[in-house]
Structures are given as C-alpha cells and as structure tokens.
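# A look at the structure
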Amino acid sequence: MTLSIPLASEEALTPPARRLLEAARELLERGEGIVTTAPASERRTEPVPAGRASSRPPAAPTVPALHILAASRSVLRDGEPLPLTRLEFDLLLHLVAHPRRVFTRLQLLNAVWGYEHAGVRTVDVHVRRLRGKVGVDVPLVTTVYGVGYRLADDARVTVDRTG
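Residues numbered from 1 in each chain as written. Predicted model: local features only at pLDDT ≥ 70, side-chain atom pairs only at ≥ 80, totals over all residues. Heavy atoms only, no water.

What follows is about the nonpolar core. Ile 68 and Leu 140 are the most contacted members of the largest nonpolar core, which totals 28 residues. Secondary structure elements with two or more residues in this core: β3 (66-69), α2 (86-97), α3 (105-113), α4 (121-134) and β8 (148-151). Among the elements that make up this core, the one with the highest residue count is α2 (seven residues). Here Leu 140 is in contact with Leu 66, Leu 92, Leu 130, Val 134, Arg 150, Leu 151, Ala 152, Ala 155 and Val 157, once residues within four sequence places are set aside. (Core = buried A, V, L, I, M, F, W, Y, C linked by side-chain atoms within 4.5 Å. Buried < 20%, exposed > 50% of the residue type's maximum accessible area, 1.4 Å probe, protein only. Helix = DSSP H or I, 4+ residues; strand = E, 2+ residues; numbered from the N terminus. Contact = heavy atoms within 4.5 Å.)

Counting through the fold element by element, His 98 comes out in the loop between α2 and β6 (103-104). Separated by 53 residues in sequence, His 98 and Leu 151 place their C-alpha atoms 7.8 Å apart. A distance of 2.9 Å separates a polar atom in the side chain of His 98 from the backbone oxygen of His 94. (Polar contact = N/O pair within 3.5 Å; in protein donor to acceptor, adjacent residues only side chain to side chain.)

Right, let's get into the pairing of strand β4 (residues 74-77). Here β3 runs beside β4; their pairing, made up of four bridges, is antiparallel. Residue pairing in the sheet places His 67 in a bridge with Leu 76 of β4. Adjacent in sequence and paired antiparallel, β3 and β4 are bridged by four residues, among which Arg 73 carries a positive phi angle near 50 degrees. In terms of strand pairing, β4 meets strand β5 (residues 80-82) through three bridges, oriented antiparallel. The residue bridging Val 75 from the neighbouring strand is Leu 82, located in β5. Connecting the antiparallel pair β4 and β5 is a turn made up of two residues, with Asp 78 showing a positive phi of about 50 degrees. (Pairing = 2+ DSSP bridges.)

As summarised here, the arrangement of the four strands in space is β5-β4-β3-β9, forming an open sheet in which the pairing is mixed. With partners counted over all chains shown, the strands left at the sheet margins are β5 and β9 (157-160), one partner each. Put simply, the sheet's adjacent strands are angled 30 degrees from each other on average, direction ignored. (Axes fitted to C-alpha atoms, helices over the stretch in contact; angles between N-to-C directions.)

Turning to the pattern of salt bridges, a few remarks are in order. Overall, the coordinates contain eight salt bridges when judged by the stated rule. A salt bridge links Arg 105 to Asp 124; its shortest N-O distance comes to 2.6 Å. With a gap of 19 residues between them, Arg 105 in helix α3 and Asp 124 in helix α4 connect regions that are remote in the sequence. The closest approach of N and O atoms between Arg 150 and Asp 153, which form a salt bridge, is 3.1 Å. Through salt bridges with shared partners, one network takes in Arg 73, Arg 86 and Asp 90. (Salt bridge = Lys/Arg side-chain N within 4 Å of Asp/Glu carboxyl O.)

What follows deals with the sheet that holds β8. The strand order across the open sheet built from three strands is β6-β8-β7, with neighbouring strands paired in antiparallel fashion. The open sheet has two edge strands with one neighbour each: β6 and β7 (141-144). Note: β6 against β8, two bridges, orientation antiparallel. Along β8, the bridge assignment pairs Phe 103 with Tyr 149.

Moving on to the side chain of His 94. Summarising the element assignment, His 94 is placed in helix α2. The contacts of His 94, once residues within four sequence positions are left out, are Phe 103, Leu 108, Ala 111 and Val 112.

Although it is not a glycine, Asp 78 adopts a positive phi angle of roughly 50 degrees. Position of Asp 78 relative to the elements: it lies in the loop between β4 and β5. We note that Arg 100 has phi near 65 degrees; this positive angle belongs to a residue other than glycine. Mapped onto the secondary structure, Arg 100 falls in the loop between α2 and β6.

And the structure:
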C-alpha cells in the first residue's frame, strides 16, 4: 500500500497536521506501506499497481536506543554511557514512566523538581539539554505546543529496575 500526501512544503505544516503525518508514517513503517512527501512538480501521476514495489526500497532508519539503569542512575545510548545530571535523569525517568501522557511545565516542576516556585522555563532548559545530550537522531521528548511535553511515541527506551 502506498499513501501519497500532496504537500507544497512539509515545513509549512501546522503542529496537528505534522503529528498526523508522523502518526501515518509510524503506522506504515511497520511494514504496511510507504509514506513519501514530494513537491507538486515531483508527484507521480500514475499509481503503482498493487503487488509491485516502487523503484526505490524504503529506507529503514536505525534509531539509537536508550537503556536506563534505574538502580545505578545511569543511561546508555547504544551501549555507551550518557552523562546526565540528576534532574535530566529524573526528567527522563518520569517521562518514560508515563508514556503517551502530556505534562505541563508546572506538573513537571512539581513531579521532578519537587516544587513549583522555580520558573516554568526551567523545564524548557532541561528538556533542551536532555535532547542535546541524547542527540538529534534520537526521538525522545515531544513538545505539545501550548501544553507541555511528553515522551515521543517512537522513542526506543528500556528501563532496567533491577540490581
């Protein structure tokens, strides 16, 4: 199955449209089909017959995995240690413990920092630092515009709570 979505520019999408496109990509990346976006001048006018593959195979991106060792408060990115501060680690662990749940900055301040009297932009700074340390190639924290943050749906994170 091939899904073709005509777009002038993927960068011009609104946040809800971008999330819809990402959700479609995730569903189709499970082996059900291919999602492509192309400018109007490059769009294919004739559909590919069922049962025939397109001329180029879909690229299977390899997303690095994070492994959280809760007992030792350490994080491994593809087996390599990732140096996180106490608050970065706590923020990551909190988001991983509650997948698909959106947290406001105030909720994160209360849950991770333990108080609400710090500026809510403190959360933004720690999320930015966490994203930077993990790497831009690792989907981890999704910004829900106008609300707060949540763990990315395609984040590959495992937690080891033993020894």
